[in-house]
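Residue-level structure breakdown
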Amino acid sequence: MVEIIVPVAVFTMIFGIVYVIVTAFNRERMAMIEKGADPKFFESLKTSSKTRALKWGLVLVGVGLGLFLAGICVSAGMDEGAAYPGLICLFGGAGLLLAYRIEQKSTPPKEME
């Protein structure tokens, strides 16, 4: 019986969290529109699909590189408990930084008002 309850509870919890986030975001948007906020403001919050793909691609390449190097380090005698999480976080973060730098170089500077 426990084998069924745990996955159902986890799925229900994840669904509940996503539902609360989505409804809170929708309520916030509706309140801002009622107060007279510009609807184009919400378009600026969305990231483009190219930027999102670049970010996820570089993060996953960094995580893969971290796993690869952690495997090499563990086979060379490094502690497994320190190698895997440390190198995954290090290279995943490096992928995020690289994506940020590429995005900053590709976006034109805003004109002074």
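Structure: above.
We now turn to the structure provided with this report. Everything quoted here is computed from the prediction, not taken from an experiment. (Residues numbered from 1 in each chain as written. Predicted model: local features only at pLDDT ≥ 70, side-chain atom pairs only at ≥ 80, totals over all residues. Heavy atoms only, no water.)

Section: a nonpolar patch on the surface
In plain terms, the rule: Nonpolar side chains (Val, Leu, Ile, Met, Phe, Trp, Tyr) within 5 Å and like charges within 9 Å form the patches, drawn only from residues with over 30% relative accessible area and no salt bridge. Computed by Shrake-Rupley with a 1.4 Å probe, the accessible areas treat only the displayed protein chains as cover when residues are assessed. What makes a salt bridge here is a side-chain nitrogen of Lys or Arg within 4 Å of a carboxyl oxygen of Asp or Glu, nothing more. Helix numbers and strand numbers start at the N terminus; a helix is a DSSP run of H or I with at least 4 residues, a strand a run of E with at least 2.
Taken together, V2, V6, V10, I14, V18 and V22 make up a surface patch of nonpolar side chains, about 510 Å² in accessible area. Along the chain, V2 turns up in helix α1 (residues 2-34).

Focus on the packing of aromatic side chains
Condition: Each aromatic pair joins two rings of Phe, Tyr and Trp (for Trp, the six-membered one) with centres within 6.5 Å, and gets the label stacked for planes under 30 degrees apart, edge-to-face for over 60, and tilted for any other angle. In this scheme, a residue with accessible area under 20% of its type's maximum is buried, one over 50% is exposed, and one in between is partly exposed, where area comes from a 1.4 Å probe on protein chains only.
Taken as a whole and judged by the stated rule, the model has 1 aromatic pair. Residues F15 and Y19 carry aromatic rings whose centres are separated by 6.3 Å and whose planes lie at 20 degrees to one another, so their mutual orientation is stacked. Of this pair, F15 and Y19 both sit in helix α1, 4 residues apart, which is roughly one turn of the helix. Each member of the pair, F15 together with Y19, is exposed.

Looking at the packing of helix α3 (residues 49-75) against helix α4 (residues 80-106)
Helix packing for two helices is described by the angle between their axes and how far apart those axes are. Spelled out, the test is: Orientation is described by axes fitted as lines to C-alpha atoms, over the contacting stretch for helices, and by angles from 0 to 180 degrees between their N-to-C directions. Note that the term roughly parallel is reserved for angles under 35 degrees, roughly antiparallel for angles over 145, roughly perpendicular for angles of 65 to 115, and oblique for everything else. Handedness of a crossing follows from how the near helix is turned relative to the far one, being left-handed for an anticlockwise turn of less than a right angle and right-handed for a clockwise one. Each residue gets one label: Ala, Val, Leu, Ile, Met, Phe, Trp, Tyr, Cys and Pro are nonpolar, Asp, Glu, Lys and Arg are charged, and the others, such as Gly, are polar.
The contact between α3 and α4 brings their axes to 7 Å, and the two run at 150 degrees. Relative to α4, the element α3 lies roughly antiparallel. Crossing angle aside, the handedness with which α3 passes α4 is right-handed. Grouping the amino acids of the contact of α3 with α4 by side-chain chemistry returns 19 nonpolar, 6 polar and 3 charged.

Describing α4
Put simply, the test is: What a helix is expected to span follows from its residue count: subtract one and scale by 1.5 Å.
Over its 27 residues, α4 runs 39 Å from end to end, which matches the ideal 39 Å to within 8%, given 1.5 Å per residue. A83, L87, G92, G95 and A99 are the residues of α4 that are buried.

Observations regarding α3
Note the following rule: In what follows, residue pairs with any heavy atoms lying within 4.5 Å of each other are defined as contacts.
The end-to-end C-alpha distance of α3, which contains 27 residues, comes to 39 Å, matching closely the 39 Å that a straight helix rising 1.5 Å per residue would cover. For α3, the set of buried residues is T51, L58, V59, G62, G66 and A70. Contacts made by the buried residues of α3 are with α4. The first or second residue beyond α3 is G77, which carries a positive phi of 115 degrees.

Note that all results are geometric; they support no functional claim without further evidence.
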